[in-house]
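Each chain, letter by letter, is given below.
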Amino acid sequence: MSILVDENTRVVVQGLTGREGRFHAEQMMKYGTKVVAGVTPGKGGAEVLGVDVYDSVAEAVEATGANCSIVFVPAPFAADAACEAADAGVRLVVVITEHIPVRDMLMLKSFFRARGTLLVGPNCPGVISPGKCKVGIMPGYIHRPGTVGVISRSGTLTYEVVHQLSAAGLGQSTCIGIGGDPVIGLDFVELLKMFADDPQTEAVCLIGEIGGDAEERAAEVVARGYPKPVFGFVAGLSAPPGKRMGHAGAIISGGKGRAEDKLKAMEAAGIKVIRELGRFGEIVAETLRKK
Amino acid sequence: MNIHEYQAKELLKDFGVPVPEGAVAATPDEARAIAESLGGPVVVKAQVHAGGRGKAGGIKLAGDPDEAEKVASEILGMRLVTAQSGAEGKLVRKVLVERATQIERELYAAVVLDRTRECLTVMASPEGGMEIEEVARTHPERIFTTHVLPGAQLWPFQGRGLMLACGLDARTAARAAAVLKSMVALAWEKEATLVEVNPLVVDSSGQLVALDAKMNFDDSALFRHPEIAALADPEEADPLEREAAAMGLNYVRLGGNVGTMVNGAGLAMATMDVIKMAGAEPANFLDVGGGASEEMITKGFEIILSDPNVKAILINIFGGILRCDVLARGVVAAAGRLEVSLPMVVRLEGTNVEEGRRILAESGLKFDVAASMAEAAAKIARLVGGK
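Scoring rules and cut-offs
Residues numbered from 1 in each chain as written. Chains lettered and ligands numbered in written order. Predicted model: local features only at pLDDT ≥ 70, side-chain atom pairs only at ≥ 80, totals over all residues. Helix = DSSP H or I, 4+ residues; strand = E, 2+ residues; numbered from the N terminus. Rg over C-alpha atoms; globule rule 2.2 N^0.38 Å. Buried ≥ 20, exposed ≤ 12 C-beta atoms within 10 Å, placed from the backbone. Contact = placed C-beta atoms within 7 Å. Pairing = 2+ DSSP bridges. Axes fitted to C-alpha atoms, helices over the stretch in contact; angles between N-to-C directions. Core = buried A, V, L, I, M, F, W, Y, C linked by C-beta atoms within 7 Å. Nonpolar A, V, L, I, M, F, W, Y, C, P; charged D, E, K, R; others polar. Domains from an automatic or database assignment. Parallel < 35°, antiparallel > 145°, perpendicular 65-115°, else oblique. Expected span 1.5 Å × (residues − 1). Right-handed = clockwise from strand over helix to strand, strands pointing away. pLDDT = per-residue confidence, 0-100.

As for the overall build of chain A
1) Next: Per the secondary structure count, chain A includes nine helices and 14 strands.
2) Next: Expected size for 291 residues packed as a compact globule is a radius of gyration near 19 Å; at 18 Å, chain A falls within 12% of this value.
3) Next: Along the three orthogonal principal directions, the C-alpha set of chain A runs to about 55 × 40 × 30 Å.
4) Next: Here chain A, with 291 residues, has 57% of them falling under the buried criterion.
5) Next: Taking contacts inside chain A between residues at least 6 apart in sequence as the whole, the part at least 24 apart equals 71%.

This is how it looks when you write it as structure tokens:
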């Protein structure tokens, strides 16, 4: 098992004819992901990387049985593209695009809720179940199949953590970059619940950062009793208030969203907090060995 | 994106919210002329992007045009150091001169984009004029809230409910509810993440007036609101941050002396944190992007080197899809071309890392290569004399 994506995931790439879409579709195919279709309105009938391109997601789903979409569409059109995928009936939509207006995201989320479609992102590296399927832009080779689940708000920081876990002999069940924006799809809380029910996953790592209260809400879930060990890291202890640190969602505002408060909430909930990023993999491995 | 008070008030006025009559002045003469045309006492207010202006001496009352000219000459050109401006303060280039309002009562009103509830949250409090964070800490029971679903309006009953809770009589509450409804309409239409009126005043004739206003807009939505984008005041940003933004880099200037260059925002924040834990202070946050190119690295060096406080540079790159050998060549080329003379610690990890480290070692430049983030931080702390 694993969560969200596996051997049965059939991916349609929205924006396959663009530079980014094409590059990452090729990387995904090399990793073994079943990329079954591309969608670019107006380019239906074309073929990219041996994959048929359709004018609409509905056509692509009808023709190929795609059950997952990855969106590489530019920000002004990305929310529309994602909603089209939800309407066509795919189960999971992964949005890589950065800089989608927040108002679009609010509208998108109510559209998704009405259809029960799962969303990962936007502004994220995507999802990977090592050895099975990669729906994202992360470097595949740093991952190893295994039993640790990883949920993160960041891109390269996730790679850093995964690289350390793999080096410490710990493979991963599924790694999800949930995105750095203020309004996102699946969050720590929902994914923690999915990992709790996944028999392959034996421990979960939460990689947070300043801004919002996602880490505090995750801590509440763990505090109520969680069946697996949880490890936590939060970036931005040295970040000044009121300044956006790269990600649109990474901002300490009105005294809320500080890293120290998040770490305290995590510790109080029984999450093993790791402050030294350089030793993250090592500490997780040591702790799990002792259990 | 933030805008000035006078700009926020113009927007409020467009949406039907009453604001004091007034105009903006860049010279004491202009301030005098505005006071003359208004007649009677006026308030002269420094226009900078920082709260706490009153306490810092940036807001003054003037009884007549002579006095308006005098206080404007004092405020214009001053460096206003407020609780939110940073130690260097903000240079005042413009003042807002407006008719003084007879204040009967001060309230707080705001519409914020609520990322947790995924809606707009409308807030009101009878504690007008205070910072809302302070009220939240000392009297959280005196803040009243209601929510508006995406795209929906604020129903009059919701607004009246908030204002009755704040202690207004039914008639005034209905007027105040109309103000809240306009603020919600403005927030949706212009894609604001914050529309704050503090204080929202009931004047001596029972009318509502937005006495001060603060707004923040979604940067990602500015492409469909050119009229909002045009309100940006480049003078308000740190000059280096402005230059970095023009180059497409995410740069935030901090107080320390260790320049940092990292690919990816989360890793960049974590790198600042390990520097601090090692006993040194980061000079900046700099994200050159998940797939940093040689061009971006060169630009990154240029920005870091323009900060005179920087004594050493830590480069932390996790090569993913982009290979470490390509990145190392970029770092060597950029450092060589710019003749960087400061000590540099480079930590490379990821695809083709061995080749990358070899390129750095053989470059003849003064790179100190670190194998891990912890080692890199310890080395950089020693270089700048940390613990």
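On we go from here.
A short note on the overall build of chain B
1) Next: Regarding its fold elements, chain B presents 13 helices and 18 strands.
2) Next: Taking the principal axes of its C-alpha atoms as reference, chain B extends roughly 80 × 50 × 40 Å.
3) Next: Counting only residues that meet the buried cut, chain B has 49% of its 387 residues in that class.
4) Next: Sequence separation of at least 24 residues holds for 67% of the intrachain contacts in chain B that already meet a minimum separation of 6.

Let's talk about the sheet that holds strand S1 (residues 22-25) of chain B
Residues and elements named next belong to chain B.
1) Next: Here four strands make up an open sheet; going across it, the order is S1-S6-S2-S3 and the pairing antiparallel. The outermost strands of the open sheet, each flanked by one partner alone, are S1 and strand S3 (59-62). Pairs of neighbouring strands in the sheet enclose a mean axial angle of 20°, with direction left out of account.
2) Next: Inspection of the sheet shows strand S2 (residues 42-46) paired to S3 by four bridges, in the antiparallel sense.

Structural notes on the nonpolar core
1) Next: If you look at the biggest cluster of nonpolar residues, it comprises 204 residues, and the most contacted ones within it are Val71(A), Met183(B) and Ile380(B).
2) Next: Beyond its immediate stretch of four places on either side in the chain, Val71(A) contacts Gln14(A), Gly15(A), Ala78(A), Ala81(A), Ala82(A), Val93(A), Val94(A), Val95(A), Ile96(A) and Thr97(A).
3) Next: Grouped together as the second largest cluster of nonpolar side chains are 24 residues, Ala25(B), Val44(B), Ala46(B) and Val71(B) included.

Quick look at the interface of chain A and chain B
1) Next: Across the contact, 47 residues belong to chain A and 41 residues belong to chain B.
2) Next: For the side of chain A that touches chain B, the elements supplying multiple residues, two or more each, are helix H3 (75-87), helix H4 (102-115) and helix H5 (156-167) of chain A.
3) Next: Residue contributions to the side of chain A that touches chain B peak at six residues, all from H4(A).
4) Next: Residue composition of the side of chain A that touches chain B, by class: 22 nonpolar, 16 polar and nine charged.

A word on the domain arrangement of chain B
Accessible area lost on assembly of the parts is the figure often given for the size of an interface.
1) Next: Examined at the domain level, chain B breaks down into domain 1 (1-20 + 102-236), domain 2 (21-100) and domain 3 (239-383).
2) Next: Look at where the C-alpha atoms of domain 1 of chain B and domain 3 of chain B centre, and you get two points 42 Å apart.

Let's talk about the sheet that holds strand S12 (residues 203-209) of chain A
In sheet architecture, strand pairing relies on hydrogen bonds along the backbone and comes in two forms, parallel and antiparallel.
All names here are of chain A.
1) Next: Taking strand neighbours across the sheet as the criterion, the seven strands line up as S9-S8-S11-S10-S12-S13-S14 in an open arrangement whose pairing is mixed. On the outer flanks of this sheet lie strand S9 (133-136) and strand S14 (272-273), each paired with one strand and no other.
2) Next: Each of strand S10 (145-152), strand S11 (172-177), S12 and strand S13 (230-235) touches H5; the most contacted strand, S10, lies at about 155° to it.
3) Next: The strands that helix H8 (residues 259-268) touches are S12, S13 and S14; relative to S13, the one it contacts most, it runs at about 170°.

With respect to unusual backbone geometry
1) Next: With omega at 10°, the peptide bond leading from Gly121(A) into Pro122(A) counts as cis.
2) Next: Within the secondary structure layout, Pro122(A) lies in the loop between strand S7 (118-120) and strand S8 (126-129).
3) Next: Residues Asn198(B) and Pro199(B) are joined by a peptide bond in cis, for which omega reads 10°.
4) Next: Structurally, Pro199(B) is set in strand S10 (residues 192-203).
5) Next: The phi torsion at Leu4(A) lies on the positive side, around 70°, for a residue other than glycine.

Digging into the packing of H5(A) against helix H9 (residues 265-277) of chain B
1) Next: One way to put it is that H5(A) packs onto H9(B) with a least axis distance of 5 Å and a crossing angle of 70°. One way to sum up the angle between H5(A) and H9(B) is to call them roughly perpendicular. Residue-level contacts link Thr156(A), Leu157(A) and Glu160(A) of H5(A) to Gly266(B), Leu267(B) and Ala270(B) of H9(B).
2) Next: Of the residues contributing to the contact of H5(A) with H9(B), the split by class is three nonpolar, two polar and one charged.

So, helix H10 (residues 294-305) of chain B
1) Next: Look at H10(B): 16 Å from first C-alpha to last across 12 residues, which is about the 16 Å you get at 1.5 Å a residue.
2) Next: Along H10(B), the positions that sit buried rather than exposed are Met296(B), Ile297(B), Lys299(B), Gly300(B), Phe301(B), Ile303(B) and Ile304(B).

Concerning the environment of Ala237(B)
1) Next: Its location among the elements puts Ala237(B) in the loop between helix H7 (226-229) and helix H8 (239-246).
2) Next: Placed 190 residues apart in sequence, Ala237(B) and Gln47(B) show a C-alpha to C-alpha distance of 14 Å.

Points about the pairing of strand S6 (residues 92-95) of chain A
All names here are of chain A.
1) Next: Side chains Leu92 and Val94 project from S6 onto one buried face, and the interleaved Val93 and Val95 project onto a second face that is buried too.
2) Next: Pairing between strand S5 (residues 68-71) and S6: four bridges, direction parallel. Residue pairing across strands places Ile70 opposite Val94, the latter belonging to S6.
3) Next: On the question of chirality, the crossover connecting S5 to the parallel S6 by way of H3 is right-handed.
4) Next: Bridge count between S6 and S7: three bridges; the pairing is parallel. Within S7, the position partnered with Leu92 by the bridge is Leu118.
5) Next: Handedness of the crossover is the feature at issue here: the chain leaves S6, passes through H4, returns alongside S7, and the resulting connection is right-handed.

Some words on the confidence of the model for chain B
1) Next: Scored by pLDDT, chain B comes out at a mean of 91, with 98% of its residues at no less than 70.
2) Next: This complex was scored by the predictor with a pTM of 0.92 and an ipTM of 0.89.

As for the domain arrangement of chain A
Residue and element names in this part refer to chain A.
1) Next: The domain boundaries assigned to chain A delineate domain 1 (10-120) and domain 2 (138-290).
2) Next: For domain 1 versus domain 2, the distance between C-alpha centres works out to 26 Å.
3) Next: With eight residues of domain 1 in contact, the opposing surface of domain 2 contributes eight residues.
4) Next: Elements represented by at least two residues in the side of domain 1 that touches domain 2 include exactly H4 and S7.
5) Next: A total of four residues in the side of domain 1 that touches domain 2 trace back to one element, the largest contributor, which is H4.
6) Next: Taken together, the residues of the side of domain 1 that touches domain 2 sort by class into seven nonpolar, no polar and one charged.

Description of helix H6 (residues 170-190) of chain B
Residue and element names in this part refer to chain B.
1) Next: Helix length check: H6, at 21 residues, gives a terminal C-alpha distance of 30 Å against a target of 30 Å (1.5 Å per residue), a fit within 8%.
2) Next: Restricting attention to buried positions, one finds in H6 the residues Thr172, Ala176, Ala177, Val179, Leu180, Lys181, Ser182, Met183, Val184, Leu186, Ala187 and Lys190.
3) Next: A positive backbone phi angle near 60° is found at Glu191, which sits one or two residues after H6.

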